[in-house]
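What the coordinates show
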Amino acid sequence: MSKNPQKTFQQCPCVGATLDKLVQPAMLAILVQGPLHGYELARKIGEIPRFLSEAPDVSGIYRMLKSLETRGMVTSQWDVSQGGRPKRLFTITDDGRQCLEHWNATLQSYHQAIGSLLKATQKALS
């Protein structure tokens, strides 16, 4: 098998830069700490190492927050306490906490599966 030095993997899923499915549990885990505005939530998600220190697309965060609110995982209210333009403040619900518990179990399972896959890939490459 020849190696192409011109080949880049920047757009390939193998770099793991797009972990969209993990945004939901990240949002819920952050909201457990207390209510936040969407922009602040996006900034905190960007601080999680796997998200490559880049805040995710804020419009995508708001779409997911709307979906979570429709499903009863979060609630929102207008925050006018700081003056200026009102902002939506999002809070996790009891259902959201239960969802996060399910995510925790799922992520533990993924963790085990990834560990096994990592061993297999290391063995294949050695």
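Residues numbered from 1 in each chain as written. Predicted model: local features only at pLDDT ≥ 70, side-chain atom pairs only at ≥ 80, totals over all residues. Heavy atoms only, no water.

Notes on the side chain of His37
Mapped onto the secondary structure, His37 falls in strand β1 (residues 36-37). Those residues in contact with His37, other than ones at most four positions away along the chain, are Tyr62, Asp79, Lys87, Arg88 and Leu89. (Helix = DSSP H or I, 4+ residues; strand = E, 2+ residues; numbered from the N terminus. Contact = heavy atoms within 4.5 Å.)

Re the packing of aromatic side chains
Under the criterion given, the structure shown has 2 aromatic pairs. For the ring pair Tyr39 and Tyr62, a centre distance of 5.9 Å and an interplane angle of 70° mean the geometry is edge-to-face. Of this pair, Tyr39 sits in helix α2 (residues 38-46) while Tyr62 is found in helix α3 (residues 58-70), placing the two residues 23 residues apart along the sequence. Looking at Tyr62, the relative accessible area reads 29%, which means it is partly exposed. (Phe/Tyr/Trp six-rings, centres within 6.5 Å; stacked < 30°, edge-to-face > 60°. Buried < 20%, exposed > 50% of the residue type's maximum accessible area, 1.4 Å probe, protein only.)

A word on the pairing of strand β3 (residues 87-92)
Pairing of β1 with β3, which is carried by 2 bridges, proceeds in the antiparallel orientation. Residue His37 lies in a different strand from β3, and its bridge partner there is Leu89. (Pairing = 2+ DSSP bridges.)

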